[in-house]
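# Coordinates in review
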There are 2 protein chains.
Amino acid sequence: MELELDILKENKRLALENERRLTTNGILAIDVMGSVGSGKTSLIKAMIHELKSRSRIAVIEGDVTTTIDADLIASEGVAAVQVNTGKECHLDANLIRKALDRMSLNSLDLIFIENVGNLICPAEFPLGSKKRLVVISVTEGPYMVLKHPMMFLGADAVAINKVDLADAMGVSPTKLMADVAKLYPKSVAVGTSCRNGVGVEKVIEALGLKAR
Amino acid sequence: MELELDILKENKRLALENERRLTTNGILAIDVMGSVGSGKTSLIKAMIHELKSRSRIAVIEGDVTTTIDADLIASEGVAAVQVNTGKECHLDANLIRKALDRMSLNSLDLIFIENVGNLICPAEFPLGSKKRLVVISVTEGPYMVLKHPMMFLGADAVAINKVDLADAMGVSPTKLMADVAKLYPKSVAVGTSCRNGVGVEKVIEALGLKAR
């Protein structure tokens, strides 16, 4: 559909604009994507906990309707800007542009953008972030990588979360890692358990945040 | 957006057409919705197992790109019609119309329609089914009902799946049931564990399939 192509093209243009604006301000932005309840907020919280002593961090929280995640993030003591999409199933570059307008960009080093919980729609809408992190959970079963290839193309890192429940679920994190490696070899897949802090440091490294 | 309204209106028209066609053929169709890996396929399989001796059943399997679920369903010995949506995040009435064209409607009593794994987009697109079943899982965390109210409005039944993992997750099925009851009191919420067959009979009852 032509209209759809126009929307995607305009989104790409605004994403590039956001990227330039972020680079000018020396900010690294990370788009965090994944299904409902995969653990995006928990992983962002865990990373903030590790990084906040050496980086100035803020979070843009995308959600259909509530402020639950923004409230959770605020408990880490960093600024969280809420973006409600209404019925829309993904953030877009224009929503991020407006969120950036509300932030003090010259006093930030790092922005996590938590996308709407959904393994399909966010893939098509770049936001202007330099990096992409996809969070999946072993509790989503053995097929979620194979079923949603678009989501993993271009992901700098993939967190395979809730590995502490892998045995109870009968799902193999190693197999999921192999699925990711086959789809997009450049991606670094890491088994994580936010509850126990497992793998958080490795995700930070995979996103190039270690030296920051 | 006007175009969006037109699409929704045309979808509604086709949904009514599907509904009439199903009624004429004495078929009950059930739209099964829920996030990635919530257990939609497993629950459909478990219900088919209970019902297939007394009802003639087929399944329409919606998926972005693979035939994994259709293959799983076929193992129960009923016909599964695959519908791949490409990049689309939901089934629509037109896709169902075309799927019905490929089925022998005069030799069926019951059709399960497994929607694309997603807790947002399918809510807006009625398909022509008489009943709606939403499948969520305790492993998706404590907030998925509150975060996606649209999905639960109009759901005849809500299966709260993987209850055997509720303690390991620290998530209360009772609280999730209360969230559903508050949003849409007409909905019947049932705790299920497809792995152990827990609750399957109750879901069948909640969907009015017991007497069939």
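Above this text you will find the structure in question.
A brief report on the enclosed structure follows. Nothing here was measured: the structure is a model prediction, and the numbers come from that model. (Residues numbered from 1 in each chain as written. Chains lettered and ligands numbered in written order. Predicted model: local features only at pLDDT ≥ 70, side-chain atom pairs only at ≥ 80, totals over all residues. Heavy atoms only, no water.)

Mapping chain B onto chain A calls for a rotation angle of 180 degrees and an axial translation of 0.0 Å; the resulting RMSD is 0.0 Å. The superposition of one copy onto the other is thereby described by a two-fold rotation axis. Looking at chain B, 100% of its interface residues are interface residues in chain A too, so the copies touch through the same face. (Least-squares fit on C-alpha atoms with pLDDT ≥ 70 in both. Contact = heavy atoms within 4.5 Å.)

So, on to the environment of Cys194(A). Following the sequence through the fold, Cys194(A) ends up in the loop between strand E7 (188-191) and helix H9 (200-206). Measuring from C-alpha to C-alpha, the distance between Cys194(A) and Ala46(A) comes to 6.7 Å, with 148 residues separating the pair along the chain. (Helix = DSSP H or I, 4+ residues; strand = E, 2+ residues; numbered from the N terminus.)

Moving on to the sheet that holds strand E2 (residues 57-63) of chain B. Strand pairing in a sheet is mediated by backbone hydrogen bonds. Such pairs are either parallel or antiparallel. All names here are of chain B. Spatially, the seven strands line up as an open sheet ordered E3-E2-E4-E1-E5-E6-E7, and their pairing is parallel. Strands with a single pairing partner mark the edges of an open sheet, and in this sheet they are strand E3 (79-84) and strand E7 (188-191). The average angle at which neighbouring strand axes cross in this sheet is 20 degrees, direction not considered. With five bridges connecting them, E2 and strand E4 (residues 110-114) associate as parallel partners. Along E4, the bridge assignment pairs Glu61 with Glu114. (Pairing = 2+ DSSP bridges. Axes fitted to C-alpha atoms, helices over the stretch in contact; angles between N-to-C directions.)

With that settled, the discussion passes to helix H8 (residues 173-183) of chain B. All names here are of chain B. Regarding H8, the residues found buried are Pro173, Leu176, Asp179 and Val180. Viewed along the axis of H8, the buried residues span an arc of 115 degrees, placing them on a single side of the element. The exposed set on the far side of H8, more than 90 degrees from its buried face, consists of Thr174 and Lys182. Buried positions along H8 lie against helix H5 (144-147), helix H6 (149-152), strand E6 (157-161), helix H7 (166-169) and E7. (Buried < 20%, exposed > 50% of the residue type's maximum accessible area, 1.4 Å probe, protein only. Arc of directions from axis to C-beta.)

As a further point, take unusual backbone geometry. Residues and elements named next belong to chain A. Here Lys162, not a glycine, exhibits a phi torsion of approximately 60 degrees, which is positive. Along the chain, the position of Lys162 falls in the loop between strand E6 (157-161) and helix H7 (166-169). Using a relative accessible area of 11% as the deciding quantity, one classes Lys162 as buried.

Residues and elements named next belong to chain A. Considering the arrangement of structural elements, one finds Thr41 in helix H2 (residues 40-51). Judged by its relative accessible area of 9%, Thr41 is buried. Among residues more than four places away in sequence, those in contact with Thr41 are Asp69, Leu72, Ile73 and Glu114.

Another aspect to go through is the nonpolar core. In this structure, Val134(A) and Val134(B) are the most contacted members of the largest nonpolar core, which totals 40 residues. Leave out the neighbours within four places in its chain, and Val134(A) touches Met33(A), Leu119(A), Met151(A), Phe152(A), Ala155(A), Ala157(A), Val158(A) and Ala159(A). (Core = buried A, V, L, I, M, F, W, Y, C linked by side-chain atoms within 4.5 Å.)

Right, let's talk about helix H4 (residues 93-101) of chain A for a bit. Residue and element names in this part refer to chain A. Every buried residue belonging to H4 is among Ala93, Ile96, Ala99 and Leu100, and all of these are buried. Projected down its long axis, H4 carries its buried residues within an arc of 115 degrees, all on one side. The opening residue of H4, the one whose side-chain oxygen lies 3.0 Å from the backbone nitrogen of Asn94, is Asp92. (Polar contact = N/O pair within 3.5 Å; in protein donor to acceptor, adjacent residues only side chain to side chain.)

On to the pattern of salt bridges, then. For the coordinates displayed, the defined rule picks out 22 salt bridges over all chains. Residue Arg56(A) pairs with Asp109(A) through a salt bridge whose shortest N-O separation is 3.0 Å. Highlighted residues: Arg56(A) in the loop between H2 and strand E2 (57-63) and Asp109(A) in the loop between H4 and strand E4 (110-114), separated in sequence by 53 residues. Exposure remark for Arg56(A): the relative accessible area of 42% places this residue in the partly exposed category. The exposure class of Asp109(A) is buried, given its relative accessible area of 17%. For Arg195(B), the salt bridge goes to Asp164(B), with nearest N and O atoms at 3.5 Å. (Salt bridge = Lys/Arg side-chain N within 4 Å of Asp/Glu carboxyl O.)

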